[in-house]
Amino acid sequence: MSQVINRDIETGSPLLRDSESERAMLEDAAARVLARARAGGADAAEVSVSSSHGRNVTVRLGEIDVLEDARDRGVSVTVYINRASGSASTGDLGAESLERAVDQALAIARHTQPDPAGGLAPAELMASRIEDFDQWHPRELDMATLIERAKLIEQAGMDADARIENSEGASVSADAAIGVYANSHGFVGSGRSTRFDQSCVLVARDKSGMQRDWDWDDQGRFEALADPATTGRKAAERAVRRLGARSAPSGRTPVLFDNNVALGLVRHLVGAVSGGNLYRRSSFLLDAVGKRLFPEWVRIDEDPHLPGGARSSSFDSEGVATRQQPLIEAGVLQRYVLGSYSARKLGLQTTANAGGVRNLLFSPGTRSFDELVAEMGRGLVVTEVMGQGVNLVTGDYSRGASGFWVEEGRIAYPVEEITIAGNLRDMFAGLVEAGSDLETRRNIQVPSLLLDGMTVAGQQAEGDPE
Amino acid sequence: MLELATQSLLTPAGIDSGDLERALGRLVEGQIDLGDLYFQHRQNEGWSLEDGIVKSGSFSIDQGVGVRAISGTGTGFAYADAINMPALMQAAGNARAIARSGRSGTTAVTRAVHAPALYAADNPVEAADSASKVDLLRTIDAYTRSLDPRITQVSVSLSCQHESILVAASDGTLAGDVRPLIRLDVRVIAEQGDRRESGNAGGGGRYALAGLMAPESWQKFADEAVRQALVNLEAVDAPAGFMKVVLGPGWPGVLLHEAIGHGLEGDFHRKGISAFSGRMGERIATEHCTVVDDGTLAERRGSLSIDDEGTPGARNVLIENGRLTGLMQDKLNARAMGVAPTGNGRRESFAHLPLPRMTNTYMLPGEHAPEDIIASVDDGIYAVNFNGGQVDITSGKFVFVASEAYRIKNGKLGAPIKGATLIGNGPDVLTRVAMVGNDLELDSGVGVCGKEGQGVPVGVGQPTLRIDGLTVGGTQ
């Protein structure tokens, strides 16, 4: 290895070295912004300030592809004058730039129209206690360490199978971020977190052609990351198992979504019950609270206080205190996903979801993925979906897919260039079983899900032996 | 352009050409093949209307400098979100970590690149005052609501961007560009009985704001959004299966962008991972097909006087009469493949690395009247509008999602059908183009292309096409 890394980049991260002084600087910037807004005639104002530092390394075929050092800061402010709002943002936290941003927001607020639903979230809902959810695990990692790890990941993948003949590379990144939110109720909240990520994309080839797939891990602690060789080998396995993919029989068939694709279904649910889509009447789930959307065994809970959770926080993006609360209980929708603006539009209370859901947990079942494949008997396992063919206004769902065809309870062959279609309302109601394989690395944690039936379209006729 | 970019980016920070050369010199210490500095200043202003009121407006300024050092095919990259010499020198020090030894380099930025002015000269943020932009949105809202009583929701948004960029590179390049970009969108919800459907339309480009504010422009968008929503109220379930597909002109050119455009970007060829790798000169389409990527069209959303590496925008022929003739390249991949850059080096911002990207990608017209093309199909669908698409570069499989389509039976258009995904294989799809229309259109200026997490504005276009076989993802 002839690589010599220059010293300059090893000087380390001020954000990691002294996060308290960085936080104090961000809080000071937030305070200046609010003071300027008040002095400029705003009745109310809110501000978010953030700072992050990331290092990212990509290695391809054993050589360095990209070394990146990313430092970002940003501020965004919204002011309200007689319930009319204006927003501005900038990446420069210098005093002059902050003042200019506030003045621009004020100028805009003098042109927008009063909005009866506008303004800050109610003062009495502000979080009074800000807890630590174990998200800060700073670790100074030099580029050489990241490069070494990326090489181990990729090499393990290249060595795993003779059919792995090319690579898009292995990446390792380390990121740290601090965020402050403050508003003119006097609320000031901050949070800090670290994330460590590794991934590998490999290309397999045989006489049928080329296939690409990947594996990844993402953790709050560096030590918790998967063994590098595991990530490389899994990427190789996933690429190789797609070789020789063909089309699938057209027709209506049971479908098993793996836990990665199943996550998408829960995201669509969250989108359809989110305030913005509801008050715009752009959802197929208007007036659905209290209605049974899923079979009785389905339960989905939100836990914004999950220790180590990627999105855990005591307050939402308006300062409202977050709380543990169910979304789906016994298959019934318990509530919408609202911030204060959409809540006022709908005549409801905010659910402390300004900025989206925090950590969601779909209660897993007891049987493994393989047992669900056996249960399905004949049908389609979906491991990847393509395209934006989800219409939340109607619930209509039509997407490109790839995965595996299942015969006699076992995987028969890989499939690609097919579509799966249905309506989300029917797909939710048609859940048959959840697997035990909860995907815990994401903030929305979902197991694999078996659906009773969707329409599959491919280039094989039903019953075609090929 | 270069003078304007210099005045806006370097003069306020007191940076002169000697400073640029000093920063590049720091960057190219050691075995660096190419170093570059990318200065950017971008203003964005947005207004949006909902429920009959202009309820929000936003303004942002982003500026900074991205510093890149290339050694072979490896890249060191750092950036600073302030433009001043200390920040520039620190970023240069971080970026050159890719270097293999510590020898001092020298560089001179003497090769000033001059490119034709392709865009309107005005800054759309300042071209009209806030009050007239707010009035415009309210006027569009009232007009749209008056079109049909079934329209229950209208939202309208206007965005104006003005950006200056300057590139200084160790190959001597010194180039600047000043790019306006405007866009107007109208979205509606129509309701009838239990049915509720959406429609949306919009457009823009690098032209003067006055053009977009003129009633004859925005009325088209409002009319179109309403028409689409009303058509969709009548839509029946789409068919499922492999069938003939006629694509309308204009935005359906997203087919070309996904099915072949991405697969002809130089990085995927340098790495050998495109489904088109190693197929230069081969026939990949019927002889009716000639496809170009053209950054030189005046005032188009995807156009570039110079790309983000200082290479002049160009018209590149990708497929000529069915044969693969050209790839799209940035400097890194062109150098590694021993070819010239093609004016396709683009980046979302100073905080992102350049990649080979499309500009305006379209197919040249053929000889058939569009109605003859429809009449030639016994059983299939006619798709005239799409949401967007996606492609797997390596397997070649791509999707695009129809938002307005009709059944064709016995050469006649039938009922509108619900939105459905169309899926195909990039290397095959153009070999199934049986007829090409004489009605080339470019899209109205709404495309955003995403690659490696970076979004850039692009254009697409095509004449009416008949493709003899795509899988349609309906439910029937």
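Calculation criteria
- Residues numbered from 1 in each chain as written.
- Chains lettered and ligands numbered in written order.
- Predicted model: local features only at pLDDT ≥ 70, side-chain atom pairs only at ≥ 80, totals over all residues.
- Heavy atoms only, no water.
- Helix = DSSP H or I, 4+ residues; strand = E, 2+ residues; numbered from the N terminus.
- Rg over C-alpha atoms; globule rule 2.2 N^0.38 Å.
- Contact = heavy atoms within 4.5 Å.
- Areas by Shrake-Rupley, 256 points an atom, 1.4 Å probe, with all protein chains shown as cover.
- Lys, Arg positive; Asp, Glu negative; His and termini not counted.
- Charge placed at Lys NZ, Arg CZ, Asp CG, Glu CD.
- Buried < 20%, exposed > 50% of the residue type's maximum accessible area, 1.4 Å probe, protein only.
- Phe/Tyr/Trp six-rings, centres within 6.5 Å; stacked < 30°, edge-to-face > 60°.
- Domains from an automatic or database assignment.
- Buried area = accessible area lost by both parts, 1.4 Å probe.
- Salt bridge = Lys/Arg side-chain N within 4 Å of Asp/Glu carboxyl O.
- Polar contact = N/O pair within 3.5 Å; in protein donor to acceptor, adjacent residues only side chain to side chain.
- Nonpolar A, V, L, I, M, F, W, Y, C, P; charged D, E, K, R; others polar.
- Pairing = 2+ DSSP bridges.
- Axes fitted to C-alpha atoms, helices over the stretch in contact; angles between N-to-C directions.
- Parallel < 35°, antiparallel > 145°, perpendicular 65-115°, else oblique.
- Left-handed = near helix turned anticlockwise from the far one by under 90°.

What to know about the overall build of chain A
When helices and strands are counted, chain A shows 10 helices and 17 strands. Expected size for 466 residues packed as a compact globule is a radius of gyration near 23 Å; at 25 Å, chain A falls within 12% of this value. The long-range share in chain A, meaning contacts at least 24 apart out of those at least 6 apart in sequence, stands at 72%. Of the roughly 18,000 Å² of accessible surface on chain A, 48% is carried by carbon and sulfur atoms. Computed over 50 positive and 67 negative side-chain charges, the inter-centroid distance for chain A is 3 Å.

Some points on the overall build of chain B
Secondary structure summary: chain B contains 12 helices and 23 strands in total. Against the 2.2 N^0.38 benchmark of 23 Å for 476 residues, chain B shows a C-alpha radius of gyration of 24 Å, consistent with a compact globule. Expressed as lengths along the three principal axes of its C-alpha atoms, the size of chain B is roughly 75 × 55 × 35 Å. Among the 476 residues that make up chain B, the fraction classed as buried is 65%. When contacts within chain B are restricted to residue pairs at least 6 apart in sequence, those whose partners lie at least 24 apart make up 76%. For chain B, the accessible area works out to roughly 15,100 Å², and carbon and sulfur atoms hold 48% of it. Looking at chain B, you have 43 positive and 57 negative side-chain charges, and the mean spots of the two groups are 5 Å apart.

Observations concerning the packing of aromatic side chains
Residue and element names in this part refer to chain B. By the definition in use, this model includes 12 aromatic pairs over all chains. Plain terms: the ring middles of Phe77 and Tyr79 are 5.8 Å apart, the flat faces sit at 40° to each other, and that makes the pair tilted. For Phe77, a relative accessible area of 1% corresponds to the buried category. Classification of Tyr79 as buried rests on a relative accessible area of 7%. Their ring planes at 75° and their centres at 5.9 Å tell us that Tyr79 and Phe350 sit as a pair that is edge-to-face. One end of the pair, Tyr79, is in strand E3 (residues 74-80); the other, Phe350, is in the loop between strand E12 (345-346) and strand E13 (355-356), with 271 residues separating them in the sequence.

What to know about the domain arrangement of chain B
Residues and elements named next belong to chain B. Each assigned domain of chain B is listed with its residue range as follows: domain 1 (2-233) and domain 2 (240-473). A separation of 23 Å is found between the C-alpha centroids of domain 1 and domain 2. Residue-level contacts link 49 residues of domain 1 with 41 residues of domain 2. Buried area between domain 1 and domain 2, summed over both chains or domains, comes out near 3,500 Å², and the portion from carbon and sulfur atoms is 54%. Counting across the interface, domain 1 meets domain 2 through 4 salt bridges. Residue Arg179 pairs with Asp308 through a salt bridge whose shortest N-O separation is 2.7 Å. The tally of links from domain 1 across to domain 2 stands at 20 residue pairs in polar contact (both at pLDDT 80 or more). Sorting the residues of the side of domain 1 that touches domain 2 by element identifies strand E1 (34-50), strand E2 (53-71), E3, strand E5 (151-169), strand E6 (173-192), strand E7 (195-205) and helix H7 (215-233) as the ones contributing at least two each.

Looking at the interface of chain A and chain B
Between chain A and chain B, the residue contacts involve 73 residues of the former and 77 residues of the latter. For the pair chain A and chain B, the summed buried surface comes to about 6,200 Å²; carbon and sulfur atoms form 47% of the total. Sorting the residues of chain A by area buried against chain B places Gln113(A), Met386(A) and Glu417(A) first, and these three jointly supply 11% of that buried surface. Taken together, the links from chain A to chain B amount to 8 salt bridges. Where chain A touches chain B, the interface holds 29 residue pairs in polar contact (both at pLDDT 80 or more). Of all the elements, strand E2 (residues 63-81) of chain A adds the most residues to the side of chain A that touches chain B, at 11 residues. In terms of residue class, the side of chain A that touches chain B is built from 22 nonpolar, 28 polar and 23 charged. As defined by bridge partners, strand E3 (residues 84-90) of chain A adjoins E2(B) across 4 bridges and the pair is classed as parallel. For Thr90(A), the partnering residue across the bridge sits in E2(B) and is Ile61(B).

Observations regarding the pairing of strand E13 (residues 396-407) of chain A
Residues and elements named next belong to chain A. Among the 12 residues in E13, 11 count as buried, and that is most of the element. With 7 bridges joining them, strand E12 (residues 379-386) and E13 adopt antiparallel strand pairing. Within E13, the residue paired with Gly379 across the bridge is Val406. Taken together, the 11 bridges between E13 and strand E14 (residues 410-423) define a ladder with antiparallel strand orientation. In the strand pairing of E14, Ala401 is matched with Ile418. Linking two consecutive strands that pair antiparallel, namely E13 and E14, is a turn of 2 residues; a positive phi of about 50° is found at Glu408 within it.

Focus: the sheet that holds strand E8 (residues 300-302) of chain A
All names here are of chain A. Pairing is mixed in the open sheet, where 5 strands are placed in the order E10-E9-E8-E11-E16. This sheet does not close on itself; its edge strands, each paired only once, are strand E10 (332-333) and strand E16 (444-445). Bridge count between strand E9 (residues 325-329) and E10: 2 bridges; the pairing is antiparallel. Note that in E10 the partner of Ile328 across the bridge is Leu333.

Considerations on the packing of helix H5 (residues 130-147) of chain B against H7(B)
Residue and element names in this part refer to chain B. Contact pair H5 / H7: the axes reach a minimum separation of 10 Å and the direction vectors enclose 40°. The pairing of H5 with H7 is recorded here as oblique in orientation. Of the two elements, H5 crosses H7, and the hand of that crossing is right-handed. Of the residues in H7, those in contact with Leu136, Thr139, Ile140, Tyr143, Thr144 and Leu147 of H5 are Trp218, Gln219, Ala222, Asp223 and Val226.

Thoughts on unusual backbone geometry
Of note in this structure, Arg281(A) is not a glycine but carries a positive phi near 55°. Mapped onto the elements of the fold, Arg281(A) is located in the loop between helix H7 (275-279) and E8. With a relative accessible area of 33%, Arg281(A) lands in the partly exposed category. Of note in this structure, Glu452(B) is not a glycine but carries a positive phi near 50°. By the element assignment, Glu452(B) lies in the loop between strand E21 (447-451) and strand E22 (454-462). A relative accessible area of 56% means that Glu452(B) is categorised as exposed.

Side note on the domain arrangement of chain A
Residue and element names in this part refer to chain A. When cut into domains, chain A gives domain 1 (8-237) and domain 2 (245-466). In this structure, domain 1 and domain 2 have C-alpha centres spaced 26 Å apart. Listed by partner, the interface residues are 28 residues for domain 1 and 28 residues for domain 2. The interface formed by domain 1 and domain 2 includes 1 salt bridge.

Quick notes on the packing of helix H4 (residues 143-160) of chain A against helix H5 (residues 228-240) of chain A
Residue and element names in this part refer to chain A. Between H4 and H5, whose axes approach to 7 Å, the crossing angle comes to 40°. The pairing of H4 with H5 is recorded here as oblique in orientation. Crossing hand, H4 versus H5: right-handed. Mapping the contact onto sequence places Arg149, Leu152, Ile153, Ala156, Gly157 and Ala160 in H4 and Pro228, Ala229, Thr231, Gly232, Arg233 and Ala236 in H5. Looking at the contact of H4 with H5, its residues break down into 7 nonpolar, 3 polar and 2 charged.

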